[in-house]
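Each chain is listed here by its residues.
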Amino acid sequence: MLTFNDLLALEHVDVARVRLVRHQDRRLAPGRLYEAWRNDRASFDSYQAVQARDVFRVGDLLASFIVTEAGKTVFVGMYSVDGVGTCPEGAVDALLTHDISGQVAYQLQHGDHLVDYVDRVVIDWGAGTRSWVQRAANQPKPVVEIAEQYEPKFPGFRIFTRLVDDIPALPAGWQQVLRSVKGVYLLVDVESGHQYVGSAKGADSLFGRWMDYAADGHGGDVALKAAAAAGGRRSYQVSVLEVVDANVPDETIEQIESYWKTKLLTRTFGLNRN
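What counts, and where the lines are drawn
- Residues numbered from 1 in each chain as written.
- Predicted model: local features only at pLDDT ≥ 70, side-chain atom pairs only at ≥ 80, totals over all residues.
- Heavy atoms only, no water.
- Salt bridge = Lys/Arg side-chain N within 4 Å of Asp/Glu carboxyl O.
- Helix = DSSP H or I, 4+ residues; strand = E, 2+ residues; numbered from the N terminus.
- Pairing = 2+ DSSP bridges.
- Axes fitted to C-alpha atoms, helices over the stretch in contact; angles between N-to-C directions.
- Phe/Tyr/Trp six-rings, centres within 6.5 Å; stacked < 30°, edge-to-face > 60°.
- Buried < 20%, exposed > 50% of the residue type's maximum accessible area, 1.4 Å probe, protein only.
- Lys NZ or Arg CZ within 6 Å of the ring centre and 35° of its normal.

The next thing to look at is the pattern of salt bridges. Summed over all chains, the structure comprises 17 salt bridges. For Lys182, the salt bridge is made with Asp250, and the minimal N-O distance between the two is 3.9 Å. Residue Lys182 is found in strand β10 (residues 182–189), and its partner Asp250 is found in helix α7 (residues 250–264); the two are separated by 68 residues along the sequence. A salt bridge links Glu191 to Arg234; the nearest nitrogen and oxygen atoms lie 3.4 Å apart. Of this pair, Glu191 sits in the loop between β10 and β11 (195–200) while Arg234 sits in the loop between α6 (222–231) and β12 (236–244), placing them 43 residues apart in sequence. When salt bridges with common partners are traced through the structure, they connect Arg19, Arg57 and Asp60 into a single cluster.

With that settled, consider the sheet that holds β11. Read from one edge of the open sheet, four strands run β9-β12-β10-β11, paired in antiparallel fashion. The open sheet has two edge strands with one neighbour each: β9 (161–163) and β11. Between one strand and the next, the sheet's axes are offset by a mean angle of 30°, whatever the strand orientation. Judged from the eight bridges that link them, β10 and β12 form a sheet pairing that is antiparallel.

Let's shift gears to the environment of Asn247. Mapping Asn247 onto the fold places it in the loop between β12 and α7. For the pair Asn247 and Val115, spaced 132 residues apart in sequence, the C-alpha to C-alpha distance is 43 Å.

As a further point, take the packing of aromatic side chains. Following the criterion strictly, the structure yields 15 aromatic pairs and no others. A ring pair is formed by Phe4 and Phe75, whose centres lie 5.2 Å apart and whose planes are at 55°; its orientation type is tilted. Remark: Phe75 occurs in strand β4 (residues 73–86) and Phe4 occurs in helix α1 (residues 4–10); sequence separation between them is 71 residues. The two residues Phe4 and Phe75 agree in class, both being buried. An aromatic cluster of at least three residues, connected via ring pairs, comprises Phe154, Phe157, Phe160, Trp174, Tyr185, Trp210 and Tyr213. Above the plane of the ring of Trp37 lies Arg41, whose end atom (NZ or CZ) is 4.1 Å from the centre.

Set out below in structure tokens:
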């Protein structure tokens, strides 16, 4: 049986220095961390480098794994722990968007070991094994798969839904699909249920418009700004109501947008003001 320690030995990595790290944060949607690693590496690296308690030692080598939406524990790289400090006052986690002031901040350096196995090796972490950090020397994890881990297929516009805050980490192929079409979309406040109908006509189409919301929480829309001012940044789910051809004039898209506002009564009971 091939184990991950066997791969470390083939690369002449001292197993005694290696900590196995398995990332699966239930505060995030399933697969969100894996999507961030694939498409927003800086945010993932920042997330990994900050911990609520001191769990690594300077000089450790981290073999990092992420649990995918399909439940696979996929190897994503080797990191060296080069230093440790404390997050400054007012620091915010890049993925969880909460305050991390005073938490442990590690200086992690991505390494070249096992680069041919990144996003290819899947291990069996062990059923019922709760500890997310383990010593490799004591845990010869079986390798259950060595194969390219392809991103999930775009589900189609009818099925697609995501939280606005998850838009930056969508798979690259999904981003390209959403950049390729204009259309009318729906935002739903996941706490209040209030709805907002909008349209995407810019250069990056749907994806570009949704990135505006991900950036500041309101995208410049008056009612959404007011909602944020009253109760802080809101959490919205986004979906597609209607896709239009890229050559359709903006005036026609605005007319379609108006139809949907009327159908869903979002001017009366929702967040649209016109």
